[in-house]
Amino acid sequence: MNKLQMIAKGVAPVLAALLMTACAAPEFKQPAIDVPTAFKESQAPVPSEVATHIQTAADGSTWKQAQAAEAQPRGEWWLAFNDTALNELIAEATRANANLAVAAARVKQARAIAGVAEADRIPQVGANLGAQRQRASAPSLGLPDGTPVRPGNAYSANLSASYEIDLFGRVSSNVAAARNDAASVEATYRSVLLSVQADVAQTYFRLRATDAELETLARTVQTREEDVKVNQRRFDLGDIGEFDLSRAETELATVRSEAIGLQRQRVTAEHALAVLLGKPAASYTAGASPLLDTALLPVVPAGLPSSLLERRPDIAAAQRTMEAANARIGVARSAMFPALNLSATGGGAAAQSFSNVFEWSSRSWVLGALMSMPIIDGGRNKANITRSEGALEESVGAYRQSVLVAFAEVEDNLAGLRILAGQTAQMEAALVSARRSADLAQKLYAAGRSSYIDLLDAQRNLAAVERTAVQLRGNRAVTTVALIRALGGGWDSPTVQTVAQQ
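In this report, we go over the structure that sits alongside the text. (Residues numbered from 1 in each chain as written. Predicted model: local features only at pLDDT ≥ 70, side-chain atom pairs only at ≥ 80, totals over all residues. Heavy atoms only, no water.)

Description of the overall build of the chain
Note the cut-off: Only DSSP runs of H or I reaching four residues or more are called helices, and only runs of E reaching two or more are called strands; each is numbered from the N terminus. The rule is simple: take the accessible area with a 1.4 Å probe, protein chains only, and divide by the maximum for that residue type; under 20% is buried, over 50% is exposed, in between is partly exposed. Note on definitions: a residue-residue contact is assigned when non-hydrogen atoms from the two residues lie within 4.5 Å. Using a 1.4 Å probe, accessible areas were evaluated by the Shrake-Rupley method; residue-level cover was limited to the displayed protein chains.
Within the chain one finds nine helices and six strands. Here the chain holds 502 residues, and the buried ones make up 39% of them. In the chain, once contacts between residues fewer than 6 apart in sequence are set aside, the share between residues at least 24 apart is 85%. With the model as given, the accessible surface of the chain reaches about 27,500 Å², and the carbon-plus-sulfur share is 57%.

Next comes the structure, spelled out in structure tokens:
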């Protein structure tokens, strides 16, 4: 072995390694994310006057550390609300929701595309059978013009195989990209599923809160009707003037109008629920079911912000999209280097009959190896690499944005529950006072010791406080569902605490 051969033998492995490194997908690096050690709102101080009404993760309850978001079951979190009707609605929506069916179809497509990419890992084998009858011209056979040529038959049967040797990682990078695309679509399906379930729960609680508000207005209408009757009798007896009677009639018509207007809000929520259930709005009717103040709401432990990155399906989808984009850089790089394809064809050909194709004398075969690589491409491949790198940068930005939005949504809903609990506590105290005030005003008016305006003011105040209390009740239920959605689904623990709705 001369010196040149020795140098070539030593340089060849190094050169091969450099080529492999140059075209392979870069090692995926998880983007740096500033993850807080705890949610700010879960550590918020609780005022002493409402401490018994507020539950937060600061009480020691935490989420179990998640493993892999894609494989982790979300859990039937809605069961914590102990509402049979809600359970049935979510089960129905899971079966029939149109958006969920679209997302499931996309998962099917993405898995099939991944299967197509996987097929390049194994040799492609095919078979063909053929029969021809043809007549060649005399000159094409090297015969003088006008020489008679008889038509002939040709029969063939062949097996063929081809295989691309993955020298520079094109196949493996393409498979990795397709797999991560499929995983991203599956995570998106879970995100759609969670959204549909949460939308059903929130729409359901809005509908029930509206029913409770309508019930409150119905009681107010009854009160106003009694006022009109009383004032009519007193007017007939000459105890009061027409002003008090007209005011009572005005208040009755106003409250009736409010109740009619609230019906529009109810039918809108009912129609939205029908769409979520995959039903025409005209064929669905939700029975009245007021959200009572004795309803139980689950206490949702927020856990650690780091676990949110594993639990949220939309973050999992963004993560997989990044990994797919990273793998496609390898696909783009491999296009700049040689591709080696092996092929083989074997079979037989005969002219007399098809049975002769399978005789040993009719056999034929071809073995081949084809090495191809670009020489001048006008910068196409470099541009594709740059485009792939840009796609990765875009996916990294989208991932970081998803994380920031997720943190903000959790903080928003933790703050919402904390503030709503404080509002509810104060509103309950106001409700007690308003009821007492309205009762006293009624007695004073009946005894002739106060005007109807004083009674009306007390009744108006009570009606407003009652409606606000009902609205807060509905807001707390909707915000509880929103927090569960923001945290990525249900609880890891089978036991969920509940607290009486205040």
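Once the structure has been displayed, the description carries forward.
Section: the environment of A85
Considering the arrangement of structural elements, one finds A85 in helix α2 (residues 84-96). Here A85 falls in the partly exposed class, since its relative accessible area comes to 33%. Taking C-alpha positions, A85 is 9.9 Å from S289, a pair spaced 204 residues apart along the chain.

Some details on helix α3 (residues 98-119)
Along an α-helix, residues three or four positions apart point the same way, because every turn accommodates 3.6 residues. Formally: Take the residue count of a helix, subtract one, and multiply by 1.5 Å to get its expected span. Whenever two N or O atoms come within 3.5 Å, that pair is a polar contact, provided that in protein one can donate a hydrogen and the other can accept it, and provided that, for residues adjacent in sequence, both atoms are side-chain atoms.
A rise of 1.5 Å per residue sets the reference length of α3, with its 22 residues, at 32 Å; its end C-alpha atoms lie 32 Å apart and thus fit the reference within 8%. Those residues of α3 that are buried lie in contact with α2 and α4 (170-237). N-capping of α3 is provided by N97, with a side-chain oxygen placed 3.0 Å from the backbone N of N99.

So, the packing of α4 against helix α5 (residues 242-276)
To be explicit about the condition: Under this scheme, a helix contributes an axis fitted over its contacting stretch, all axes are lines through C-alpha atoms, and angles between N-to-C directions fall in the 0 to 180 degree range. Put simply, angles under 35 degrees are roughly parallel, angles over 145 are roughly antiparallel, angles from 65 to 115 are roughly perpendicular, and the rest are oblique. Here is the rule for handedness: rotate from the far helix to the near one, and if that takes an anticlockwise turn smaller than a right angle the crossing is left-handed, while a clockwise turn gives right-handed. Residue classes follow a fixed rule: Ala, Val, Leu, Ile, Met, Phe, Trp, Tyr, Cys and Pro count as nonpolar, while Asp, Glu, Lys and Arg count as charged, and any other residue, Gly among them, counts as polar.
The N-to-C vectors of α4 and α5 enclose an angle of 165°; their axes lie 8 Å apart at closest approach. As judged from the angle between their axes, α4 and α5 are roughly antiparallel. Viewed along their axes, α4 and α5 form a crossing whose handedness is left-handed. Here the contact of α4 with α5 is built from residues that sort into 17 nonpolar, seven polar and 14 charged.

Considerations on the packing of aromatic side chains
Stated precisely, the cut-off is as follows: To pair, rings of Phe, Tyr and Trp, with the six-membered ring standing in for Trp, must have centres within 6.5 Å; the planes then decide the type, stacked if under 30 degrees apart, edge-to-face if over 60, and tilted in the middle. Both a distance and an angle decide whether a charge sits over a ring: NZ of Lys or CZ of Arg must be within 6 Å of the ring centre and within 35 degrees of the ring normal.
All told, the structure shown has five aromatic pairs when counted by the stated rule. Each residue in the set F81, Y204 and F205 is aromatic and connected to the rest through ring pairs, giving one cluster. The residue whose ring lies beneath R234 is Y445, and the NZ or CZ to ring-centre distance is 4.8 Å.

Observations regarding a nonpolar patch on the surface
Using the following cut-off: Within this analysis, patches are made of residues with over 30% relative accessible area and no salt bridge. Like charges are joined at 9 Å or less; nonpolar side chains (Val, Leu, Ile, Met, Phe, Trp, Tyr) at 5 Å or less. Each salt bridge in this description consists of a side-chain nitrogen of Lys or Arg and a carboxyl oxygen of Asp or Glu lying within 4 Å of one another.
Residues L129, F354 and F358 make up a contiguous nonpolar surface patch of roughly 350 Å² in combined accessible area. Turning to its location among the elements, L129 is positioned in strand β1 (residues 124-134).

Notes on the side chain of T220
Position of T220 relative to the elements: it lies in helix α4. Owing to a relative accessible area of 8%, T220 belongs among the buried residues under this scheme. Those residues in contact with T220, other than ones at most four positions away along the chain, are V255 and A463.

Observations regarding the sheet that holds strand β5 (residues 363-372)
Spelled out, the test is: In this scheme, strands are said to pair when DSSP sees at least two bridges between them.
Spatially, the four strands line up as an open sheet ordered β1-β2-β4-β5, and their pairing is antiparallel. With one partner strand each, in any of the chains shown, β1 and β5 form the two edges of the open sheet. Taken over all neighbouring pairs, the strand axes of this sheet differ in orientation by 20° on average, direction set aside. Bridge count for β1 against strand β2 (residues 152-165) is 11 bridges, and the pairing is antiparallel. The residue bridging A127 from the neighbouring strand is L159, located in β2.

Topic: the pattern of salt bridges
Here the idea is simple: oppositely charged side chains can pair when their charged atoms come close. Enumeration over the complete set of coordinates arrives at 24 salt bridges. With its nearest N and O atoms 2.5 Å apart, the salt bridge here joins R266 to D211. With R266 in helix α5 and D211 in helix α4, this pair connects stretches of sequence that are 55 residues apart. Side by side, R266 and D211 carry an identical accessibility label, which is buried. As a salt-bridge pair, R266 and E270 come within 3.3 Å of each other at their nearest N and O atoms. Of the two residues, R266 and E270 are both situated in helix α5; the distance of four residues between them amounts to about one turn of the helix. Across this residue pair, the class does not change: R266 and E270 are buried. Among the charged side chains, a network of salt bridges with common partners joins R224, E251, D457 and R460.

Structural notes on the side chain of R208
Turning to its location among the elements, R208 is positioned in helix α4. Those residues in contact with R208, other than ones at most four positions away along the chain, are D83, S289, P290, L291 and L292.

A word on the nonpolar core
Going by this rule: In plain words, nonpolar cores are sets of buried Ala, Val, Leu, Ile, Met, Phe, Trp, Tyr and Cys residues tied together by side-chain atoms within 4.5 Å.
Ranked by internal contacts, the top residues of the largest apolar core, which has 49 residues, are W77, F81, L86, F205 and V410. Listed by contribution, the elements that provide at least two residues to this core are α2, α4, α5, α7 (313-334), α8 (380-446) and α9 (452-486). The leading source of residues in this core is α8, at nine residues.

Brief notes about α5
For α5, built from 35 residues, the straight-helix expectation of 51 Å at 1.5 Å per residue is met to within 8% by its first-to-last C-alpha distance of 52 Å. Once α5 finishes, G278 follows within two positions and takes phi at roughly 75°, a positive value.

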